[in-house]
Amino acid sequence: MSRDSWAAAVDVQEATTPLVQLDFTKKVERLRPPRTMRGDINGNVVPEEDRAENGGWRSGEADRVDLAEQSLLNKLIRHSLVRNRNQVEVLQRDPTSPLYSVKTFEELRLKPELLRGVYNMGFNRPSRIQENALPMMLAQPPQNLIAQSQSGTGKTAAFSLAMLSHVNPANKWTQCLCISPTYELALQIGQVIEQMGKFCPDVKLAYGIRGNRLERGVKLQEQIVIGTPGTVLDWCTKYKLIDPKKITMFVLDEADVMIATQGHRDQSIRIHRQLTKDCQMLLFSATFEDSVWRFAEQVVSDPNIIRLKREEETLDTIKQFYVVCKGKEDKFTALCNLYGSLTIAQAMIFCRTRKMAAWLTANLSIEGHQVALLSGEMTVEQRAAVIERFRNGKEKVLITTNVCSRGIDVEQVSLVVNFDLPVDLDGNADNETYLHRIGRTGRFGRRGFAVNMVDSEHSMDIVHQIEMHFNRKITKLDTSNLEELERLMS
Ligand SMILES: Nc1ncnc2c1ncn2[C@@H]1O[C@H](COP(=O)(O)OP(=O)(O)OP(=O)(O)O)[C@@H](O)[C@H]1O
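Residues numbered from 1 in each chain as written. Predicted model: local features only at pLDDT ≥ 70, side-chain atom pairs only at ≥ 80, totals over all residues. Heavy atoms only, no water.

Novice: Can you walk me through the overall build of the chain in this structure?
Specialist: Summing up its helical and strand segments, the chain has 18 helices and 19 strands in all. A total of 490 residues make up the chain; the buried ones form 53% of that total. Put simply, 77% of the contacts in the chain that link residues at least 6 apart link residues at least 24 apart. For the chain, the exposed surface amounts to about 23,400 Å²; the carbon and sulfur share of it is 49%. (Helix = DSSP H or I, 4+ residues; strand = E, 2+ residues; numbered from the N terminus. Buried < 20%, exposed > 50% of the residue type's maximum accessible area, 1.4 Å probe, protein only. Contact = heavy atoms within 4.5 Å. Areas by Shrake-Rupley, 256 points an atom, 1.4 Å probe, with all protein chains shown as cover.)

Novice: Teacher, can you tell me more about the UniProt feature "domain: DEAD-box RNA helicase Q" (unreviewed entry) in the chain here?
Specialist: Look at the UniProt record and you will see "domain: DEAD-box RNA helicase Q" (unreviewed entry) annotated at residues 103-131. The span residues 103-131 is 45% helix and 0% strand, and its two end C-alpha atoms sit 6 Å from each other. (UniProt positions renumbered as here; feature names shortened; annotations may be inferred.)

Novice: Please clarify how the layout of surface pockets should be interpreted in this entry.
Specialist: If you roll a probe as big as a water molecule over the atoms, it shows you where there is empty space left. Taken as a whole, the second largest pocket encloses approximately 330 Å³ of empty space. Y100, P135, M136, A139 and Q143 are the residues nearest the centre of the second largest pocket, which is lined by 17 residues in total. Considering every element that reaches the lining of the second largest pocket, the biggest residue donor is helix α6 (residues 128-138), with three residues. Class assignment for the residues of the lining of the second largest pocket results in nine nonpolar, four polar and four charged. (1 Å grid on protein atoms, 1.4 Å probe; cavity = no way out; pocket = protein on both sides within 12 Å on 5 of 7 lines; lining within 4 Å. Points joined across faces, edges and corners; volume = space filled by probe spheres on them. Nonpolar A, V, L, I, M, F, W, Y, C, P; charged D, E, K, R; others polar.)

Novice: When you look at the pairing of strand β10 (residues 304-308) in this model, what are you seeing that I'm missing?
Specialist: For a regular strand, the rule is simple: side chains alternate between the two faces of the sheet. Counting buried positions along β10 gives four out of five residues, so the element sits mostly inside the fold. Alignment of strand β3 (residues 88-91) against β10, held across four bridges, turns out to be antiparallel. Bridged to V90 within β10 is I306. Taken together, the five bridges between strand β4 (residues 145-149) and β10 define a ladder with parallel strand orientation. The residue bridging L145 from the neighbouring strand is N304, located in β10. (Pairing = 2+ DSSP bridges.)

Novice: What exactly am I supposed to notice about unusual backbone geometry here?
Specialist: For residues that are not glycine, phi is negative in most cases, and the peptide bond is trans in most cases. At the junction of Q140 and P141, the peptide bond is cis and its omega measures out at -5° in the coordinates. For P141, the position within the fold is in the loop between α6 and β4. With phi around 40°, D302 is a residue other than glycine that occupies positive phi space. With respect to the helices, strands and loops of the structure, D302 is situated in the loop between α12 (290-299) and β10.

Novice: Could you clarify how one ought to interpret the sheet that holds strand β15 (residues 397-400) in this entry?
Specialist: Sheet strands pair by backbone hydrogen bonding; their relative direction is either parallel or antiparallel. An order of β14-β15-β13-β16-β18-β12-β19 is seen for the seven strands of this open sheet, with the pairing classed as parallel. The open sheet has two free edges, formed respectively by β14 (371-374) and β19 (475-476), since each of these has just one partner strand. Taken together, the four bridges between strand β16 (residues 413-418) and strand β18 (residues 448-454) define a ladder with parallel strand orientation. Paired with V416 across the strands is A450, a residue of β18. Along the sheet, helix α13 (residues 328-341) makes contact with β12 (318-324), β13 (346-350), β15, β16 and β18, crossing β18 at roughly 160°. (Axes fitted to C-alpha atoms, helices over the stretch in contact; angles between N-to-C directions.)

Novice: Can you help me understand the UniProt feature "domain: Helicase ATP-binding" (unreviewed entry) in the chain in this one?
Specialist: In the numbering used here, UniProt assigns the "domain: Helicase ATP-binding" (unreviewed entry) feature to residues 136-306. Annotated as 37% helix and 18% strand, the span residues 136-306 places its first and last C-alpha atoms 10 Å apart.

Novice: Even after reading the chapter, I still don't get helix α14 (residues 354-366), so can you show me in this structure?
Specialist: It helps to recall that an α-helix has 3.6 residues per turn; residues three or four apart then point in one direction. Taking 1.5 Å as the rise per residue, α14 with 13 residues should run 18 Å; its terminal C-alpha atoms sit 18 Å apart, in good agreement. Those residues of α14 that fall on the buried side of the exposure criterion are M356, A357, A358, W359, L360, T361, A362, N363 and L364. Just beyond α14, the residue with positive phi is G368, at close to 95°. (Expected span 1.5 Å × (residues − 1).)

Novice: It is not clear to me how the packing of helix α4 (residues 67-77) against helix α8 (residues 183-196) should be interpreted in this structure. Could you clarify?
Specialist: The angle between the axes and the distance between the axes are what describe a pair of packed helices. The interhelical angle for the contact between α4 and α8, taken along N-to-C directions, is 30°, at an axis separation of 9 Å. One element, α4, and the other, α8, form an angle in the roughly parallel class. Considering the relative orientation of α4 and α8, their crossing is left-handed. Residue-level inspection shows A68, S71, L72, K75 and L76 of α4 in contact with α8, the latter providing E184, L185 and Q188. Of the residues contributing to the contact of α4 with α8, the split by class is four nonpolar, two polar and two charged. (Parallel < 35°, antiparallel > 145°, perpendicular 65-115°, else oblique. Left-handed = near helix turned anticlockwise from the far one by under 90°.)

So this is what it looks like as structure tokens:
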């Protein structure tokens, strides 16, 4: 979809938002959804009983984050490497062997047509992770690698380069297999390979994704196959389009997202079992919880390990407040007061449910604010377009549910409002999400304000929990006292 059509889709979405308001201005506070069939985040009908099993009504209504979508969104809105000053940790399989790192792409001795492709993409020098990962991935004899670094640090570009460099174009069979959690993510990787391999006309790529039906038993001639685990497994076993014994490089991307789906995890392991022991295994992940680590060890034997830690977010440069309100209307008034008395560059407002976000969007629009809404029912492309517009300052306020709290860094945001406080499934403070929403990386050192709306004893308790967790005071704010407001927030 072109950018223009995303923007058009967003315009339509925004234009229709006030209509949604009609449903929510009714002064009926429903404490519990009726016992009916309701749609889930994907539009599937889910019986109320099932929803209750999955964490009860409290969590059932909250907008949920889909990891694969979040990852795709990050890819769509990113145009360059994420700035990072953290050190790379390298754990070599053989600690006695010299550690190679490269500062230029020339040092990798790539084929000239591939080097041309790299430069043609505007890459001047390897990124931090690429400096170490590329020599390992291209080493002879081949070495296995597990690499973890936050999204946007150049992992996809690194393994795309490795695959393009690895294949022998004269051999007309599949040599590199890359699996990714979703169709859309696989397409994104494919685009990088196609762009980077632009001057390598003999290297061909096939997409092992749903809907791509090929004749059973006729072996593929493409040297690189990128796809989702289910289809790739079928291509290897059921349709025999790929001979897994001839695969010499296996790439597993977004391992953390992959294992979040049990089916994908199992399919990945089944593909892995078909491969030979000599096949080079490369696994990438943005995060590294224990579960990812266990999976990685299962799939990658004797690995070299590269880790690039994410720069920690801190609350040091943020002034935190809370405002006591009676209900959502009262919260809305408090928000308007804040706006009336402060010069705010841009603000992000977090709500727990899509419904609340839509209500707030509609009401702030009526008050004359330029507001953008970002919530789970929008397509990833629409969300990317909304974020782009917000980044470019077209709207000054972004209202969102949790779908937007991670990974998206809008530097000019000076105020974050928790219209609803972040809670976990048990109703306790979700400190991690709180930090993601309002935290800043020390590097930018930008000052900011965070305002938490408190409308019950429970939410007051959450504020205390957050205070204790971060050992930072959250100051009470009276938004109807303009003088105090100006003094505290200056
Ligand atoms: N060496 C480089 N020089 C300049 N830009 C680069 C370099 N490597 C990658 N990029 C660009 O940086 C951005 C992020 O790279 P890439 O997609 O490879 O990161 P990633 O770690 O795989 O992130 P994600 O996991 O979200 O896909 C892309 O726009 C890519 O084109």
